[in-house]
Amino acid sequence: MGRIVLCTQSAVVPHKDIRAGTTLATRVLASYLLGHLPVDSWQVSVVDFLSDESINTMAESVLAHDPDVVGLSCYVWNYNTLYALADRIVELAPGVVVVLGGPQMSYDDEDLARLRADHPGMGLIIQGEGERALATYLQMPRAGRPPAGHAMRGPNIERLEEIGGPLFANFPPGPEVNSITCETMRGCPFRCAFCNWNGYSHKLRRASPAMIEAELRWAVERSFVEVGLLNAAINIDKRHLHDIVAATAAADPGRTIKYYVEGDYHLFTPDQVKELARMRVATVGLGVQSAGRLANRLSRRKLDREALRRTVKLLIDAGLHPSLEFMAGLPGDSLDDIRRTFDFAFSLRAEVVLNVLRILPGSEFYTRRKELGLIYDEAHGHQLISNPWLSESDLVSAIDDFRSRSNGETRSYLWEIDGTMSRFGLKIISEAAPAPAGHEVMAASLTQQTEHLLCVLCARCSDLESAAPLQAQAERMLRRFPGLRLESSEVLRWNHDVVVVCRLLLPNSERIVLCFTGDGARGNGVFRLPGCKVLLMLDGRDAPSQTVQLALQTLGRWAQKEGRCGTHNSTLGRPRRRG
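Residues numbered from 1 in each chain as written. Predicted model: local features only at pLDDT ≥ 70, side-chain atom pairs only at ≥ 80, totals over all residues. Heavy atoms only, no water.

Q: Honestly, the nonpolar core in this entry has me stumped. Any pointers?
A: One recurring pattern in soluble globular proteins: nonpolar side chains tend to sit buried together. Judged by nonpolar contacts, the single largest core of 126 residues is most densely connected at Leu229 and Leu276. Aside from chain neighbours lying at most four places away, what touches Leu276 is Ile234, Leu241, Phe268, Val281, Val284, Leu315 and Leu320. (Core = buried A, V, L, I, M, F, W, Y, C linked by side-chain atoms within 4.5 Å. Buried < 20%, exposed > 50% of the residue type's maximum accessible area, 1.4 Å probe, protein only. Contact = heavy atoms within 4.5 Å.)

Here you go:
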């Protein structure tokens, strides 16, 4: 019997009461394989990873299952981590085949060739829907399988009932998880140029009411608090909306679960809103993106201001919570255009969410990236850097403008699909404290979920005894630094590591939390403490003293730069890659 492990890394969830950490894609694949592979031919396992786990820890978890094949679902928020994980798995276990799929693998031939050269761990690459392709691959004799790096496109599933379910029944998430996603429809009739979802199929395939009800009933019976309903738009037709509402009523008559839904504001009618209000909907996402004419034309979008105003009022009057999603950096939008979009967005008196354009593989903007002059950061989420209508400094100004407007009564925030705003966090951090010779700033992120300044310093300590000298060293150094007052220090456990947490007071009465943590390789993670505003991660394995000094210099210079763009998560001090 062969063994396959399916895994991915979850995105950061920006809600303090929602604990995600499990993914739909791996369950869909696992359920399909269980129903379509010969009995006893393959043992299927699912492993969930969070954003604060190191590559080594992830590789060890996967290889503990002694797999023959490992499947990785790659998204814009995790592709760098999973490429590195693939390389590490093959390095530790050369006989294992790594199969990569997911939306991120919709690269063209040129980029695929470069990825294969950079990442020897890449085995089979599946583009498009992966269920049938992966099942076909696993049933091939080993000698007849495609060579490493081969890309194949999977045929689409015609009926979602082929997948089976409930999807989480055979592969339940961890006990701390209280939120899942339920796929109610596959395919998208819209052709937005920035999106790679519609590249799979424009044909709509709806899950049956019975299938939706079974998924929701599973979540209700286990006291889950939120379910995200995944579809092109919940109101794309009356039947689809009615089926979902009926399924939620049957599965969750006590209305214990909150639902997150996406809708098309052009299509909402009073009757649709009335029916939607029968559910306990936490948020209704409405994609608007831009008020600019050229940006909408290039994006294959259409803005109807009056329809949007009408829909927002209908939703609010029905006791529902509309969330208006806009995007900065669309081709055709200048800085003035973006500011006019903000004027319009905040005039609607609803929640406003700002994304920054990402040039997603498989999207029309990705295909036309050279023609349109789109410069983007391939290393950090394919985030736009500049285009002919908008310079990098203009984009930073737009983000600053949005943040300044967000201080009013209207709730608003920057939404980063992977929790990061890497390019602009890097820019600000590196200006505040240039990295020492031979090192570079590696990553950065922005979040508005926390309140106080936090700095994480990595040094070697894995247990309480080895942490004690580090704690003493940190206290001595911090007491010598002018202008800081050490209020307390303590040793805490974080996942498998030990951290030394030092709480300090700045001259301006702002509190700082400095954390020294054990695994220096854990630079890709997000360390969270209640009430932390800025997360600055430094890798101090080679020179903890200099790293602490650099961190404090950074914090001092940061304090002099009040009013800069939000909060940041960066990793400094890693050796610069050569070649």
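Okay, back to it.
Q: What is the right way to look at the packing of aromatic side chains in this model?
A: Here a ring pair, both rings aromatic, is described through the centre-centre distance and the interplanar angle of the planes. With the rule as written, the count across this model stands at 6 aromatic pairs. Relative to Trp77, the ring of Tyr75 has its centre 4.6 Å away and its plane inclined at 5°; by these criteria the two rings are stacked. The exposure class assigned to Trp77 is partly exposed, which follows from its relative accessible area of 24%. Following the ring pairs from residue to residue traces out a cluster consisting of Phe168, Trp218 and Phe224. Above the plane of the ring of Tyr137 lies Arg145, whose end atom (NZ or CZ) is 4.9 Å from the centre. If you follow Arg305 out to its NZ or CZ, it ends over the ring of Phe344, 4.6 Å from the centre. (Phe/Tyr/Trp six-rings, centres within 6.5 Å; stacked < 30°, edge-to-face > 60°. Lys NZ or Arg CZ within 6 Å of the ring centre and 35° of its normal.)

Q: Would you mind showing me how to read the pattern of salt bridges here?
A: Where charged atoms from two side chains of opposite charge approach closely, those side chains can pair. Taken as a whole, this structure holds 26 salt bridges when the rule is applied. The partner of Arg405 in a salt bridge is Asp401, with the nearest N and O atoms 3.0 Å apart. Of this pair, Arg405 and Asp401 are both found in helix H13 (residues 392-405), 4 residues apart, which corresponds to roughly one turn of the helix. It is possible to trace a salt-bridge network through shared partners that takes in Asp108, Asp111, Arg114, Arg369 and Glu378. (Salt bridge = Lys/Arg side-chain N within 4 Å of Asp/Glu carboxyl O. Helix = DSSP H or I, 4+ residues; strand = E, 2+ residues; numbered from the N terminus.)

Q: Explanation requested: the packing of helix H2 (residues 55-63) against helix H3 (residues 79-92) in the structure shown.
A: When two helices pack together, their arrangement is given by the angle between their axes and by how far apart the axes lie. H3 packs onto H2 with a crossing angle of 55° between their chain directions and a minimal axis gap of 9 Å. With respect to H3, the element H2 is oriented oblique. Between H2 and H3 the crossing geometry is right-handed. Two secondary-structure elements touch here, H2 through Ile55, Asn56, Met58, Ala59, Val62 and Leu63 and H3 through Thr81, Leu82, Ala84, Leu85, Arg88, Ile89 and Leu92. Split by residue class, the contact of H2 with H3 holds 10 nonpolar, 2 polar and 1 charged. (Axes fitted to C-alpha atoms, helices over the stretch in contact; angles between N-to-C directions. Parallel < 35°, antiparallel > 145°, perpendicular 65-115°, else oblique. Left-handed = near helix turned anticlockwise from the far one by under 90°. Nonpolar A, V, L, I, M, F, W, Y, C, P; charged D, E, K, R; others polar.)

Q: What should I look at first to understand the pairing of strand E3 (residues 69-73) in this one?
A: Moving residue by residue along a regular strand, the side chains alternate between the two faces of the sheet. Counting buried positions along E3 yields 5 of 5 residues, so the element is predominantly enclosed. Neither face of E3 is exposed, since Val69, Gly71 and Ser73 on one face and Val70 and Leu72 on the opposite face are all buried. Bridge analysis of strand E1 (residues 2-9) against E3 gives 4 bridges, and the strand direction is parallel. What sits directly across from Cys7, in E3, is Leu72. (Pairing = 2+ DSSP bridges.)

Q: Any chance you could explain helix H10 (residues 305-317) here in plain terms?
A: Residues lying three or four places apart along an α-helix face the same way, a consequence of the helix completing one turn every 3.6 residues. Counted at 1.5 Å a residue, the expected span for H10 with its 13 residues is 18 Å, and the 18 Å between its end C-alpha atoms agrees. Burial in H10 covers these residues: Ala307, Leu308, Thr311, Val312 and Leu315. An end-on view of H10 places all buried positions within 130° of arc, on one side of the element. Of the residues in H10, the exposed ones pointing more than 90 degrees away from the buried face are Glu306, Lys313 and Asp317. On the buried face of H10, the contacting elements are helix H8 (270-276), strand E12 (281-289), strand E13 (322-328) and helix H11 (335-347). Residue Asp304 occupies the N-cap position of H10, its side-chain oxygen lying 3.3 Å from the main-chain nitrogen of Glu306. The positive-phi residue at the C-terminal boundary of H10 is Gly319, with phi of around 80°. (Expected span 1.5 Å × (residues − 1). Arc of directions from axis to C-beta. Polar contact = N/O pair within 3.5 Å; in protein donor to acceptor, adjacent residues only side chain to side chain.)

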